[in-house]
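One-letter residues, chain by chain:
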Amino acid sequence: MWYRGAVSTPAAPIRRALVSVSDKSKLDVLAEILIAHKVEVLSTGGTYRALSELGVAVVKVSEFTGAPEILDGRVKTLHPKIHGGILALPTEAHQRELELHDIAPIDLVIVNLYPFRETIAKPGCSFADAIENIDIGGPTMVRAAAKNWNRVAVIVDPEDYSSLSEVLGETEGTLPESFRRNMARKAFAHTAAYDAAIASYLARHDDAGEALDAGTIPEGLFVSGESVAELRYGENPHQQARFFATSYASDEATGLDQAIVHQGKALSYNNLLDADAALGLIRDLKAGLPEGGKAAAVFKHLSPCGAAIGSASDELATVYVKAREADAESAFGGIVSVTEFVDAAMAARIKETFLEVIVAPGYTPEAREILAKKKRLRLLEIPAMFEGRDLAPLRLRSVAGGLLVQREDLIGVAAAAGEVPTQRKPSADELASLDLGQRVCKHVRSNAIVLVKDGVTVGVGGGQTSRVEAVRQAISRAGELAKGAVLASDAFFPFRDSIDSAAAAGVVAVIQPGGSIKDKDVVAACDERGLAMVFTGERHFRH
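- As annotated in an unreviewed UniProt entry, the protein chain carries the name Bifunctional purine biosynthesis protein PurH and is attributed to Plesiocystis pacifica SIR-1.
- The UniProt entry for the protein chain carries the following comment under Sequence similarities (unreviewed entry): "Belongs to the PurH family."

## Structural notes on the overall build of the protein chain
Phase 1 of the analysis: Helix and strand counts for the protein chain stand at 19 helices and 20 strands.
Phase 2 of the analysis: On C-alpha atoms alone, the protein chain measures out to a radius of gyration of 30 Å, which is more than a quarter above the 24 Å that the 2.2 N^0.38 rule sets for 543 residues.
Phase 3 of the analysis: Judged by the C-alpha coordinates and their principal axes, the protein chain covers about 95 × 55 × 40 Å.
Phase 4 of the analysis: Taking all 543 residues of the protein chain together, the buried fraction comes to 48%.
Phase 5 of the analysis: Taking the intrachain contacts of the protein chain between residues at least 6 apart in sequence as the baseline, contacts between residues at least 24 apart amount to 58%.
Phase 6 of the analysis: For the protein chain, the exposed area adds up to about 25,800 Å²; of that, 51% sits on carbon and sulfur atoms.
Phase 7 of the analysis: Considering the protein chain, the positive charge centre built from 59 side chains and the negative charge centre built from 71 side chains are found 4 Å apart.

## Let's talk about the environment of K351
Phase 1 of the analysis: Within the secondary structure, K351 sits in the loop between α14 (344-350) and β12 (355-360).
Phase 2 of the analysis: Look at K351 and you get partly exposed, because its relative accessible area is 36%.
Phase 3 of the analysis: Once the C-alpha coordinates of K351 and K373 are considered, the two residues, 22 residues apart in sequence, prove to be 8.9 Å apart.
Phase 4 of the analysis: For K351, the residues in contact, after removing those within four places along its chain, are I370, L371, K373 and K374.

## Observations concerning the packing of aromatic side chains
Phase 1 of the analysis: Applying the stated rule across the entire model yields four aromatic pairs.
Phase 2 of the analysis: When the ring of F127 is compared with that of Y201, the centres are 6.0 Å apart and the planes differ by 20°; the resulting orientation is stacked. Within this pair, whereas F127 is found in helix α7 (residues 127-132), its partner Y201 is found in helix α10 (residues 177-203), the two being separated by 74 residues in sequence.
Phase 3 of the analysis: Using a relative accessible area of 6% as the deciding quantity, one classes Y201 as buried.
Phase 4 of the analysis: Members of the aromatic cluster, each reached through a chain of ring pairs, are F116, F127, Y194 and Y201.
Phase 5 of the analysis: Seen from the ring of F386, K286 lies directly overhead, with NZ or CZ sitting 5.4 Å from the centre.

## What about the packing of helix α8 (residues 137-147) against α10?
Phase 1 of the analysis: At their nearest, the axes of α8 and α10 sit 9 Å apart, and the two run at 150° to each other. Taken as axis vectors, α8 and α10 run roughly antiparallel relative to one another. Of the two elements, α8 crosses α10, and the hand of that crossing is left-handed. Facing P139, V142, R143, A146 and K147 of α8, the residues of α10 in contact are A184, A187, F188, T191 and Y194.
Phase 2 of the analysis: Of the residues that constitute the contact of α8 with α10, the class distribution is seven nonpolar, one polar and two charged.

## Concerning the side chain of T422
Phase 1 of the analysis: Of note, T422 is situated in the loop between β15 (402-407) and α16 (428-441).
Phase 2 of the analysis: Of note is the side chain of T422, whose polar atom sits 2.9 Å from the backbone oxygen of R424.
Phase 3 of the analysis: If sequence neighbours within four positions are ignored, T422 has contacts with V523, C526, D527, L531, A532 and M533.

## Re the packing of helix α4 (residues 80-87) against α8
Phase 1 of the analysis: Closest axis-to-axis distance for the α4/α8 pair is 8 Å, and the angle between their directions is 25°. In terms of axis orientation, α4 runs roughly parallel to α8. Contacts between α4 and α8 involve I82, H83, I86 and L87 from the former and T140, M141, A144, A145 and K147 from the latter.

## A closer look at helix α9 (residues 161-170)
An α-helix turns once per 3.6 residues; consequently, residues spaced three or four apart project the same way.
Phase 1 of the analysis: Taken residue by residue, α9 has Y161, L164, V167 and L168 as its buried positions. The buried residues of α9 occupy an angular sector of 125° when projected down its axis, which confines them to one face. More than 90 degrees from the buried face of α9, the exposed residues found are G169 and E170.
Phase 2 of the analysis: Remark: E172 follows α9 within two positions and exhibits a positive phi of approximately 55°.

## Points about the nonpolar core
Side chains of nonpolar character tend, in soluble globular proteins, to be buried together.
Phase 1 of the analysis: Within the largest apolar cluster, 41 residues are counted, with the highest numbers of intra-cluster contacts made by L256, L285, V359, L380 and V440.
Phase 2 of the analysis: Residue assignment for this core shows that the elements contributing at least two residues are α11 (269-287), β9 (294-300), β12, α16, β16 (449-453), β18 (486-489), β19 (509-512) and β20 (532-535).
Phase 3 of the analysis: In terms of residue count, α11 provides more of this core than any other element does, eight residues in total.
Phase 4 of the analysis: The residues that make up this core include at least three from each of domain 2 (254-381) and domain 3 (415-535).

Conventions and cut-offs
Residues numbered from 1 in each chain as written. Predicted model: local features only at pLDDT ≥ 70, side-chain atom pairs only at ≥ 80, totals over all residues. Heavy atoms only, no water. UniProt positions renumbered as here; feature names shortened; annotations may be inferred. Helix = DSSP H or I, 4+ residues; strand = E, 2+ residues; numbered from the N terminus. Rg over C-alpha atoms; globule rule 2.2 N^0.38 Å. Buried < 20%, exposed > 50% of the residue type's maximum accessible area, 1.4 Å probe, protein only. Contact = heavy atoms within 4.5 Å. Areas by Shrake-Rupley, 256 points an atom, 1.4 Å probe, with all protein chains shown as cover. Lys, Arg positive; Asp, Glu negative; His and termini not counted. Charge placed at Lys NZ, Arg CZ, Asp CG, Glu CD. Phe/Tyr/Trp six-rings, centres within 6.5 Å; stacked < 30°, edge-to-face > 60°. Lys NZ or Arg CZ within 6 Å of the ring centre and 35° of its normal. Axes fitted to C-alpha atoms, helices over the stretch in contact; angles between N-to-C directions. Parallel < 35°, antiparallel > 145°, perpendicular 65-115°, else oblique. Left-handed = near helix turned anticlockwise from the far one by under 90°. Nonpolar A, V, L, I, M, F, W, Y, C, P; charged D, E, K, R; others polar. Polar contact = N/O pair within 3.5 Å; in protein donor to acceptor, adjacent residues only side chain to side chain. Arc of directions from axis to C-beta. Core = buried A, V, L, I, M, F, W, Y, C linked by side-chain atoms within 4.5 Å. Domains from an automatic or database assignment.

Written out as structure tokens, the structure reads:
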């Protein structure tokens, strides 16, 4: 008898399983397990055919229930003999009901769902195709089995077939409570993520099924996440932390959850924050480069220490050294991001400084060999780090009581496309440096000022409550290099004092959004001092 008195957590042998999977990977492994443990198998459609070809003695669900599949396969497993067999508790009362209705208990449910997310990711997917790929029977069976985990085991991930085999082998064909509980937890996470994907898709479409404007933030936000790693701690040792890959990020450019970590100790919370910031900046720099151009950036504590750009003929190592030497003192213990594969020459220069993380699209074997001696250095490889940047992705930030959601700030106006209100026009070289300046400025905490000279940042001022103070900070860091440099500001100048300070230090050109009631005074100050100025019409605050 498969029950024993009141509700309990028995470890009865697995006698009957229902298998219906869209993801048929490792089905041969599963077939061997089912055959070896003499499990009676119920199945449908393509899964039935595949298991039969693998030698499994499988029974069609329609034969088991006595009810045919109907409505073009929309109704296959929605039947009392299926759900009664899954949901029955191990009690005498439920056993009597099963016998009364001629329902056999089901001990194991192996189901994964219609590929909804894969379907909507396909180019040209219609609203009707998306709706048709919403699974109904699958989630119902998964949730039923997961709810009844004290008797039934449920598996939604082919990667767990090996664990199933191992446990069955160790327990003579039974599945202990700990295994069932863990699989149930995973199953509910699976259906929650599936429902979140559907809800998110529907929130991005109107009542007629037409997609909303790509920049629209939908009224409903549905976020599911899968743990990538438990971190050593958070920003400080007494704070717990985890890194989650989120469902809403699937529409974004490849992120840190897809990074290949080649060496070094586990990444920390702060490492990941800085690596993400460095990744964001290098993407912006890449977007402004001419064909074949190279860029490098160094980050520390969510602030850029230095950035540099070079032409197609420049060595990556040369560009990196310029970025590092822009603030060599701050670069110690920093995070580096680059636009190209790290080669041996670049690796040799990396070895000269203690760094925490390198973010790059790849590494040559020679570079890997050189950097392997830096045991504490982490090498993050993100091959697709510059793909999929056409749409500004969502950015979430928690506050007390909720979440703030916005689209990512993308630079839409290059320096060369801005308006020049001053008498002097910037030269081509100045425009290139102004463009670099505004791209770096976007990643500096407001109020933000960046000085650039010859394609390299020479002074960064940020996080100040006064814009003129940020100007003074950037000039102080630049020192003599401020002479002949250009200046980028993340927002407009409320007074001419910033221009007067910059001109006195030798700055020759300025880029800013414009839009202040004092714009005329600021432009007049530039004309008096012989500075060129570019208005972009775009503010780039970062709080």
